[in-house]
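# Reading the structure
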Amino acid sequence: MLFAKIALSLASLAAGVSAAQNEFHLKTVSSSPSKNNLYVEAYHTGAGLADAVLTTSSSAAGKFYLNETYLQMDIGQEFTYGFELGGATNYAGWEFVEVNAGQGISGFVVENNHVVWNETEFSGWLACDWWHGAPQLFWTVAYENFTYPSSCSPVQLTQAFLSS
């Protein structure tokens, strides 16, 4: 029993060290000046719940890492926070992005220096002036034909690696 606890503690420590060495900020690239060069941060909405919003401050930005294909945020605690993408259920063409307690959903990869969700329904990221007083991150649904609001702009997410 003691051996199992020690092994589990060492595995957790190793995972944390590995994540710290590969941490990055998620940074937007957009043709819209108001949505370009912004960083993803978590906006607290409840216990273990947060919306992904965008900030100009790299010091306020979340520290993310890929754990296999899970996009996770290091909050400096022993439990995990992961990217959650709202289900494509409202026919609007875009859905919420959250950073919630837990592992999150799988399927994130880096393609051509951009972080994407490698699922057929994903067609990109959208940054919108929404209700938190900061631009909010959404994902767009590939099979929905829609016109996004004028406060929104398509963005790409790149990795801005943290220096050690």
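Residues numbered from 1 in each chain as written. Predicted model: local features only at pLDDT ≥ 70, side-chain atom pairs only at ≥ 80, totals over all residues. Heavy atoms only, no water.

By the naming in an unreviewed UniProt entry, the protein chain is DUF7907 domain-containing protein, taken from Talaromyces islandicus.

## Here we look at the state of the cysteines
Summed over the entire model, instances satisfying the criterion amount to one disulfide. Two residues share a disulfide in this structure: Cys 128 and Cys 152, whose sulfurs sit 2.0 Å from each other. Taking the torsion about the sulfur-sulfur bond, which here is approximately 115°, the covalent link between Cys 128 and Cys 152 counts as right-handed. Placement of the pair is Cys 128 in strand E10 (residues 122–129) and Cys 152 in strand E12 (residues 152–161), with a sequence separation of 24 residues. For the pair Cys 128 and Cys 152, one class covers both residues: buried. (Disulfide = S-S within 2.5 Å. Helix = DSSP H or I, 4+ residues; strand = E, 2+ residues; numbered from the N terminus. Buried < 20%, exposed > 50% of the residue type's maximum accessible area, 1.4 Å probe, protein only.)

## Examining the environment of Asn 118
Within the fold, Asn 118 resides in the loop between strand E9 (114–117) and E10. Here Asn 118 falls in the partly exposed class, since its relative accessible area comes to 48%. Distance from Asn 118 to Ser 106, taken between C-alpha atoms, is 8.8 Å for residues twelve residues apart in sequence. Not counting residues up to four positions away in its chain, the partners in contact with Asn 118 are Gly 107, Val 109 and Glu 111. (Contact = heavy atoms within 4.5 Å.)

## Let's talk about the pairing of strand E5 (residues 70–74)
Among the five residues of E5, four are classified as buried, and the element is accordingly described as predominantly covered. The pairing of strand E4 (residues 63–67) with E5 spans five bridges and is antiparallel. Bridge pairing in E5 places Leu 66 opposite Leu 71. Count of turn residues in the E4/E5 antiparallel hairpin: two residues, of which Glu 68 carries a positive phi of about 60°. Relative to strand E6 (residues 81–85), E5 runs antiparallel, the two being bridged by two bridges. Looking at E6, one finds that Met 73 is bridged to Tyr 81. Joining the antiparallel neighbours E5 and E6 is a turn of six residues, in which Gly 76 adopts a positive phi near 75°. (Pairing = 2+ DSSP bridges.)

## Remarks on the nonpolar core
If you look at the biggest cluster of nonpolar residues, it comprises 26 residues, and the most contacted ones within it are Leu 26, Val 40, Phe 83, Trp 125 and Leu 137. Aside from chain neighbours lying at most four places away, what touches Leu 137 is Val 40, Ala 52, Val 53, Phe 83, Phe 96, Val 97, Trp 125, Leu 126, Val 155 and Leu 157. Core analysis: the second largest hydrophobic core is formed by five residues, Trp 94, Cys 128, Phe 138 and Cys 152 among them. (Core = buried A, V, L, I, M, F, W, Y, C linked by side-chain atoms within 4.5 Å.)

## A word on the side chain of His 132
Relative to the helices and strands, His 132 resides in the loop between E10 and strand E11 (135–141). Of note is the side chain of His 132, whose polar atom sits 3.2 Å from the side chain of Trp 131. With residues near it in sequence (within four places) discarded, His 132 still touches Tyr 43, Thr 45, Asp 51 and Val 53. (Polar contact = N/O pair within 3.5 Å; in protein donor to acceptor, adjacent residues only side chain to side chain.)

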